[in-house]
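Close look at the chain arrangement
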Amino acid sequence: MVGTLGLFNFRGKHEKRRSKSMSVGNGSLLEGSAAGNEEVADGTQGSDHPSDLPESDQNEKLRQVMDDLAATFQAREKQLLTDMEQMKEKFAKLLLGEDMSGGGKGVSSALALSNAITNLAASVFGEQSRLEPMTAERKSRWRKEIDWLLSVSDCIVEFVPSQQKAKDGSNMEIMVTKQRFDLLMNIPALRTLDTMLLDCLDSFKDQDEFYYLSKDATDEEKGNSKRKDDKWWLPTVKVPEQGLSDAAKKNLQSQREAMTQVLKAAMSINAQVLTEMEIPENYLDSLPKNGRASLGDSTYRSITVEFFDPNQFLATTDLSSEHKILDLKNRIEASIVIWKRKMHQKDGKSAWSSAVSYEKRELFEERAETILRILKHQYPGIPQSSLDISKIQYNRDVGQALLESYSRILESLAFTVLSRIGDVLYADSVARNPSQATSKSPSNPSSGNDNEKSNLMTLSDLLTWSGDLLDNDFEDSKDCKDDLSKDMDEKNLNVATSKVSYLESLGGVRSPRERH
């Protein structure tokens, strides 16, 4: 009820702000009209022979200028009114929880807002199958509608102390409202990442080094560039016979580095938000009573051995399909939640209590977190886990819903653009050396055997997560976070961070499959 009242209040404030912007816009048009009149007058006065022009011609020119300005003003005003009606319709749908029937069966405001941002990104970007700029219409729609949805964050505030000077000159401390800290820090950062993504696509506007074949192209036309992975619907990239020029290749490398930074930053923000979301009671009720039941006997024994090697564990685990990877992630996440809950359980007679000592349970949890970090960075494209979906579905915090959905779609788009850049670089390497053509396309960095991976730049390489780091530095995850913060500072991005744990690195590049 509080969230609904907050959105109603926001609606009124936003309409006032929109009306004010219309007044400002009208004022600028009137100023433009006055400027136009002055230009006409100056042009007439500056004529060598003003008397040569008949008075009727001068009046006709002035009338034409005024008619043009009036038409421009009317078009602008009509567009503003249309936008306002669209905004009212969108927020009415959000207030009703996507239930336009009025039957009261809608979802929470937080989930409705999260769905709205996800659906907007899907309709604007779709499947980014080519490296090409967005059309002006789609870019305008994206910026306009994402601004509408993000404007909700302006009304999510907290009280902070402030100094006020009284009339007698004395200072007093009062409480004032300020945008909530996590939104104040992360919304500008996400907007910067958004701009970097669009700028990356715009950089390929006038390029003529590579092009894409149509879906109906023959195998002879595709040649060595024919896609051999499961993403058959993506177009095939063609480059010159001698490969890309040095300038084009340098630009691709530069854009890849920029998109890597965007991906790392979006993943960090998304993981942080998911960490702060409360674990729903529905998820807790679905868990078994101990970690062994969640993991299974075989996996439990592998994690609880005296000498544990996470890489050896993953090497002996069947990860041949996306379903098996996701199943392992779900089971390990569930066991971590169980162990954490037991370590914080005060009642020894509770059903969550266990005979396993606190120290051993903490050790098992750290090992499970290590496995999940490796899975996260070796297989970044896997769907969101059951825990992530449950958190998003039952979340009631509108601010967290904004940050999570916005960072998730930027993360997904950055990953897609990186894959498209990888397609072009792969086509260039094949053109320069046809013998390097492998049986897998680089669009899916996690696919292919070890020999194939050695010839390709994987996403883990792009994220600078080396094998040594995974082997030796997982326990010191703060250093990893410091490196990320340093990269963010280089891009003038600010991200609200806190203590690092596995849950802070949770996140997904896809929209949750189960929403209701």
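As annotated in an unreviewed UniProt entry, the chain carries the name PRONE domain-containing protein and comes from Gossypium stocksii.

Taken as a whole, this structure holds 16 salt bridges when the rule is applied. As a salt-bridge pair, D83 and K144 come within 3.1 Å of each other at their nearest N and O atoms. With D83 in helix α2 (residues 55-95) and K144 in helix α4 (residues 136-150), the pair connects residues that are 61 residues apart, well separated along the chain. A salt bridge links D423 to R420, with the nearest nitrogen and oxygen atoms 3.3 Å apart. Of this pair, D423 and R420 both sit in helix α15 (residues 398-432), separated by three residues, roughly a single helical turn. Residues joined in a network through salt bridges with shared partners are K90, R141 and E145.

The next subject is the nonpolar core. Within the largest apolar cluster, 67 residues are counted, with the highest numbers of intra-cluster contacts made by L131, W142, F210 and M259. Secondary-structure elements contributing two or more residues to this core are α2, α3 (109-125), α4, α5 (181-202), α7 (246-276) and α15. In this structure F210 touches L131, F204, V237, K238, V239, L244 and V424, once residues within four positions along its chain are discounted. I303, I325, I371 and I374 belong to the second-largest nonpolar core, a separate cluster that totals 20 residues.

As for its placement among the helices and strands, L410 is situated in helix α15. Counting along the chain gives 145 residues from L410 to A265, while the straight-line C-alpha distance between them is 9.6 Å. In contact with L410, other than residues within four places in its own chain, are L190, L193, D194, L197 and A266.

What follows is about the environment of E278. Structurally, the position occupied by E278 is in the loop between α7 and α8 (281-285). Given a relative accessible area of 70%, E278 falls into the exposed group. Sequence-wise, E278 and N395 are 117 residues apart; in three dimensions their C-alpha atoms are separated by 7.4 Å.

This paragraph deals with the pairing of strand β1 (residues 157-165). Direction of pairing for β1 relative to strand β2 (residues 171-179): antiparallel, over a ladder of nine bridges. Considered in β2, the bridge of V157 is made with Q179. Counting the residues in the hairpin turn of β1 and β2 gives five residues, including G169, whose phi is positive at 95°.

This part takes up the side chain of T416. Its location among the elements puts T416 in helix α15. For T416, the contacting residues outside a window of four places in its chain are E127 and Q128.

Criteria and thresholds
- Residue positions within a chain follow its written sequence, with the count starting from 1.
- Only residues with pLDDT of at least 70 are given local features in this predicted model, and only at 80 or more are side-chain atom pairs given and counted; all residues enter the totals for whole chains, interfaces and linings.
- Each side-chain value is derived from all of the structure's non-hydrogen atoms; neither hydrogens nor water enter the calculation.
- Should a side-chain nitrogen of Lys or Arg be within 4 Å of a carboxyl oxygen of Asp or Glu, the pair is scored as a salt bridge.
- For helices the rule is a DSSP run of H or I covering at least 4 residues; for strands it is a run of E covering at least 2, with both sets numbered from the N terminus onward.
- Among the buried residues, those of types Ala, Val, Leu, Ile, Met, Phe, Trp, Tyr and Cys that are joined through side-chain atoms within 4.5 Å form a nonpolar core.
- Note on exposure labels: buried denotes an accessible area under 20% of the residue type's maximum, exposed denotes more than 50%, and partly exposed covers the range between, all computed with a 1.4 Å probe on protein chains only.
- Contacts: residue pairs with any heavy atoms within 4.5 Å of one another.
- At least two DSSP bridges between two strands are needed for those strands to be called paired.

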